[in-house]
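Secondary and tertiary structure notes
One-letter residues, chain by chain:
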Amino acid sequence: MNIGVCISHVPDTASKIKLSEDHSGIDYTGVPFIINPYDEFAMEEALKTKEKSGGTTYALSLGKDTVKESLRKALATGIDEAVHIKTELELDSFSVAKNLAEEIKALNLELLFLGKQSVDFDSGSVGQMLSELLGMNCITNCVSLEINGTEIKAEREIEGGREVVVTALPAIITAQKGLNEPRYASLKGIMAAKKKTIAEKEAVFTDSRINVLKYLSPQGKSSGKILGSDAGGVKELVRLLKEEAKVL
Amino acid sequence: MSTETVIAFIEQRENEIKKASLEALSVCVKLADKSNKKSIAVLVGGTFDSYDKISATGVRKIIHVTSPELNLYSASAYAEIFANICKEETATLVFFANTLLGKDLAPRISVRLEAGIGMDCVDLTSEGQEFIATRPIFAGKALQQFQVLTKIKIFSLRPNVFPVVTPGSSPDLETVRKDSANNNLAIKVSELKKASGKMDVSEADIIVSGGRGMKGPEHFPLIETLADTLGAAVGASRAVVDAGWRPHGEQVGQTGKTVSPTLYFACGISGAIQHLAGMSSSKFIVAINKDKDAPIFSVADYGIVGDLFEILPLLTEEIKRVKS
Ligand SMILES: Cc1cc2nc3c(=O)[nH]c(=O)nc-3n(C[C@H](O)[C@H](O)[C@H](O)COP(=O)(O)OP(=O)(O)OC[C@H]3O[C@@H](n4cnc5c(N)ncnc54)[C@H](O)[C@@H]3O)c2cc1C
Ligand SMILES: Nc1ncnc2c1ncn2[C@@H]1O[C@H](COP(=O)(O)O)[C@@H](O)[C@H]1O
């Protein structure tokens, strides 16, 4: 079976997000990038599935040349092949999905793993869009997965519990934290990955259905009130919550 | 009146209508009325005797698609049914609540309707046919203002941000109930596993979260008692989830749940950027931490610098006293 994992290359979650001076974009100067944390779970599940059922694993990433860093890391962690879909543009989820879909068809992928969302633009849409574009069954936000032959049983996290979902291959699974414990790249893997080539394709769909007007910084809070750490302070806190904030 | 309509998807789980759906419906009704279009609420699954909660928003038409097969979510069936209704009713504007179901379904509908979509919107303003929407990105470290360029536009609205408006039932309310056969059940929920009666952080109005300052899982009853007193959900930092003190579902933050409750208590949580990203849009934040320089105080409305093992029991007592 050909198994794919879609990898989004995102700013490290510890980084501060700075806007460009005219607020038309984000200033990424000096910001370190990582594999989207949820895509780490997706990648681990792809590797585990291959170990169990055989096949070839492919990592796909769309973006600037810098996404190769994440693809290289995927190869070092054990992914067999990597494809970089090149674009300098900031595309919306739909165009990302359209471009990925072309490559997924070309590679004949039967099972795809994605993250539940990319922690940059937080849309959580690409998996479901791919499912519609490719006619593959998609289960989102998965915290457990069993594949038996062509049958799939997964649990997805929902508010206050889980849904047990059943479907069949070909399928798309989007990963939530808890699905597995991602492995680290081994030294041997890192060495081997340096020698591998990353295939390159040009993005063909570049129309966006969204027009970004500007970016804003969240409104900061005026500094809060610090209260005493004794019974008096606690009484005052509760009074303020009741009378000032009116939330009790 | 134009033949074009504005539609809101209404989510039910075990016959309970989600409050977040009524929030989305309230926006739907407002914008429909403003542009002289018909507002429609579409409900899939469930067995309802009355649609009081839905009709109270002043919506003009309710379409309820029923079948025992549809009581639990089926992404394939819901997508097919809802997209078809949107087409039949010539919807130009479609709303979802950005719940786990809404997040799953809305992007599928956008492909079917060839519609641009904005997920997790926290603000929406309209000028004639133009809409300007705002959504948090980087887990709230920045905001994006955007327009949807397609004729049909879809917005999924963050829960607990837009108010439920209930002017009362519309005098010309039309209700259509139809049975649905031959549903596409290619993807189907076979079972619902509820976490033992606990409230989820993503739906709670008040959250009490504990971090590494709690020292160990055996001390979390201090958090739970305060939460019970307030009718609140229990949340956690990633540090305590990774340590196995608390379940994954309780993690608040950039790689946990993004929450915006009315009131958020951070107890023994330092306020790392990834934690702040998930909770700083809460309406009121209370921080309890023994380190006066902890970053959590930079987002707190009220703070107590001190030992949580002394403060939490006092706080629980005082809230009980005030409430009784
Ligand atoms: C990729 C990535 C994603 C992440 N995502 C998340 C996320 O989603 N959510 C998240 O929370 N974190 C996340 N983190 C982790 C984050 O960086 C912090 O490590 C974590 O939030 C720290 O948890 P904490 O505040 O409980 O612990 P600490 O930082 O150790 O803070 C403990 C606090 O308790 C206080 N304290 C100790 N004893 C007492 C006492 N007796 N009384 C009062 N106060 C006391 C201390 O002063 C301290 O401020 C992520 C990290 C990475 C790298
Ligand atoms: N540029 C990209 N290249 C490859 N995969 C992506 C890209 N953007 C998003 N994805 C995948 O889609 C998932 C959901 O992303 P999103 O819908 O953008 O939140 C991510 O976790 C990735 O698996």
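In this report, the structure presented in the accompanying data block is examined. Only a predicted model underlies this, so the values are computations on that prediction, with no experimental measurement involved. (Residues numbered from 1 in each chain as written. Chains lettered and ligands numbered in written order. Predicted model: local features only at pLDDT ≥ 70, side-chain atom pairs only at ≥ 80, totals over all residues. Heavy atoms only, no water.)

1. Notes on the overall build of chain A
Heads up, the condition is: Counting from the N terminus, the helices are the DSSP runs of H or I reaching at least four residues and the strands are the DSSP runs of E reaching at least two. Think of it in three bands: residues with accessible area under 20% of the maximum for their type are buried, residues over 50% are exposed, and the middle band is partly exposed, with areas taken using a 1.4 Å probe on protein chains only. Between two residues, a contact is recorded if the distance between any of their heavy atoms is within 4.5 Å. Counted as positive: Lys and Arg. Counted as negative: Asp and Glu, with His and the chain ends omitted from the count. The location of each charge is read from NZ of Lys, CZ of Arg, CG of Asp or CD of Glu.
Scanning chain A from N- to C-terminus turns up six helices and 15 strands. Dimensions of chain A, computed from the C-alpha atoms along their principal axes, are close to 65 × 45 × 40 Å. Taken across its 248 residues, chain A has 55% of its residues classed as buried. Restricting to contacts in chain A with at least 6 residues of sequence separation, those with at least 24 account for 70%. Of the side chains in chain A, 31 bear a positive and 36 a negative charge, and the two mean positions are spaced by 3 Å.

2. Description of the overall build of chain B
Filter applied, for reference: To get the radius of gyration, use the C-alpha atoms; to get the globule rule, take the number of residues to the power 0.38 and multiply by 2.2 Å. Only the protein chains shown count as cover for residues, with accessible areas throughout obtained via the Shrake-Rupley method and a probe of 1.4 Å.
Helix and strand counts for chain B stand at eight helices and 18 strands. In terms of overall dimensions, chain B is globule-like: its C-alpha atoms have a radius of gyration of 21 Å, near the 20 Å expected for 324 residues. When the backbone C-alpha atoms are referred to their principal axes, chain B occupies close to 60 × 40 × 40 Å. Relative to its full complement of 324 residues, chain B shows a buried share of 61%. Long-range pairs, those at least 24 residues apart, make up 66% of the contacts in chain B with a sequence separation of at least 6. Summed over all atoms, the accessible surface of chain B reaches about 12400 Å², with 51% contributed by carbon and sulfur.

3. As for the interface of chain A and chain B
It is common to give the size of an interface as the accessible area lost on bringing the parts into contact. Threshold: Buried area is calculated as the accessible area (1.4 Å probe) missing from two parts once they are joined, with the contributions of both summed. By salt bridge we mean one thing: a side-chain nitrogen of Lys or Arg within 4 Å of a carboxyl oxygen of Asp or Glu. Any pair of N or O atoms that falls within 3.5 Å is considered a polar contact. Within protein, one atom must be able to donate a hydrogen and the other to accept it, and sequence-neighbouring residues count only if both atoms are side-chain atoms. Under the scheme applied, nonpolar residues are Ala, Val, Leu, Ile, Met, Phe, Trp, Tyr, Cys and Pro; charged residues are Asp, Glu, Lys and Arg; polar residues are all the others, including Gly. When DSSP finds two or more bridges between a pair of strands, those strands are recorded as paired.
Every contact between the two is made by 78 residues of chain A and, on the other side, 85 residues of chain B. Both faces combined, the contact of chain A with chain B buries some 6900 Å², and carbon together with sulfur accounts for 59% of it. When the area that chain A buries against chain B is broken down by residue, the three leading residues are A:Glu159, A:Arg209 and A:Lys221, summing to 12%. Measuring nitrogen to oxygen at the nearest pair gives 3.0 Å for the salt bridge that ties B:Asp242 to A:Lys177. In this assembly, chain A and chain B are joined by 38 residue pairs in polar contact (both at pLDDT 80 or more). Looking at the side of chain A that touches chain B, the elements that each hand over two or more residues are helix H1 (37-53), helix H4 (126-134), strand E9 (137-148), strand E10 (151-158), strand E11 (161-168), strand E14 (210-216), strand E15 (225-227) and helix H6 (231-243) of chain A. Grouping the amino acids of the side of chain A that touches chain B by side-chain chemistry returns 37 nonpolar, 21 polar and 20 charged. Bridging between E14(A) and strand E10 (residues 142-148) of chain B involves six bridges; their strand directions are antiparallel. Note on E10(B): the bridge partner recorded for A:Lys214 is B:Gln145.

4. So, the sheet that holds strand E1 (residues 5-10) of chain B
Residue and element names in this part refer to chain B. Quick reminder of the rule: Axis definition: a line fitted to C-alpha atoms, over the contacting stretch in the case of helices. Angles run 0 to 180 degrees between N-to-C directions.
Reading across the sheet, the seven strands line up as E7-E11-E6-E1-E4-E5-E12 and stay open at both edges, with parallel pairing between neighbours. The outermost strands of the open sheet, each flanked by one partner alone, are strand E7 (116-121) and strand E12 (174-179). Here the average twist between neighbouring strands, direction ignored, is 20°. Against the sheet, helix H3 (residues 75-88) engages E1, strand E4 (38-44), strand E5 (61-66), strand E6 (91-97) and E12, with an angle of about 160° to E1.

5. Section: the site of ligand 1
Stated formally: In this text, near means that some heavy atom of the residue lies within 4 Å of the molecule or strand in question.
Around ligand 1, the structure places 27 residues, and the nearest of them are B:Ser237, B:Thr255, B:Ser270, B:Gln274 and B:Asn289. More than one chain approaches ligand 1, the contributing ones being chains A and B. In this structure, an oxygen atom belonging to ligand 1 sits 2.8 Å away from a main-chain N or O atom of B:Arg212. Within the contact set of ligand 1, an oxygen atom lies 3.3 Å away from a backbone nitrogen or oxygen of B:Gly256. In isolation ligand 1 offers 990 Å² of accessible surface; the protein chains occlude 80% of this area. Contributing elements (two or more residues each) for the shell around ligand 1: helix H6 (238-242), helix H7 (273-279) and helix H8 (308-323) of chain B. Split by residue class, the shell around ligand 1 holds six nonpolar, 15 polar and six charged.

6. A short note on the sheet that holds E10(B)
In spatial order, the strands read E14(A)-E10(B)-E9(B)-E8(B); together these four strands make up an open sheet with antiparallel pairing. Strands with a single pairing partner mark the edges of an open sheet, and in this sheet they are E14 of chain A together with strand E8 (123-127) of chain B. Recorded for the sheet is a direction-independent mean angle of 25° between the axes of neighbouring strands. Relative to E10(B), strand E9 (residues 130-137) of chain B runs antiparallel, the two being bridged by five bridges. Note on E10(B): the bridge partner recorded for B:Pro136 is B:Leu143.

7. Some thoughts on the site of ligand 2
Residues and elements named next belong to chain A. Of all residues adjacent to ligand 2, which total 18 residues, the nearest are Cys 6, Asp 39, Ser 118, Gly 124 and Ser 125. Here Ser 123 contributes a backbone N or O atom positioned 3.4 Å from an oxygen atom of ligand 2. Residue Val 126 places a main-chain N or O atom 2.9 Å away from an oxygen atom belonging to ligand 2. Within the residue set of the shell around ligand 2, elements represented by two or more residues are strand E6 (56-63), helix H3 (93-107) and strand E8 (111-115). Looking at the shell around ligand 2 element by element, the count peaks at three residues for E6.

8. Concerning the side chain of A:Gln117
All names here are of chain A. Mapping Gln 117 onto the fold places it in the loop between E8 and H4. In this structure Gln 117 comes out as buried when scored by relative accessible area, which is 15%. Here the side chain of Gln 117 touches Asp 122 through a polar contact of 3.0 Å, side chain to side chain. Every residue in contact with Gln 117, bar those within four places of it in the chain, is listed here: Asn 36, Tyr 38, Asp 122 and Gly 124.

9. Side note on the pattern of salt bridges
Residue and element names in this part refer to chain A. All chains considered together, the criterion is met by 43 salt bridges over all chains. In this structure, the salt-bridge partner of Glu 40 is Lys 73, at a minimum N-O distance of 3.4 Å. A residue pair is termed long-range when its members are at least 10 positions apart, and Glu 40 in helix H1 and Lys 73 in helix H2 (residues 67-77) qualify at 33 residues. With its nearest N and O atoms 2.9 Å apart, the salt bridge here joins Glu 44 to Arg 183. With Glu 44 in helix H1 and Arg 183 in the loop between strand E12 (171-175) and helix H5 (187-195), the pair connects residues that are 139 residues apart, well separated along the chain. In the salt-bridge network here, residues are joined through shared partners; they are Asp 65, Lys 68, Lys 86 and Glu 200.

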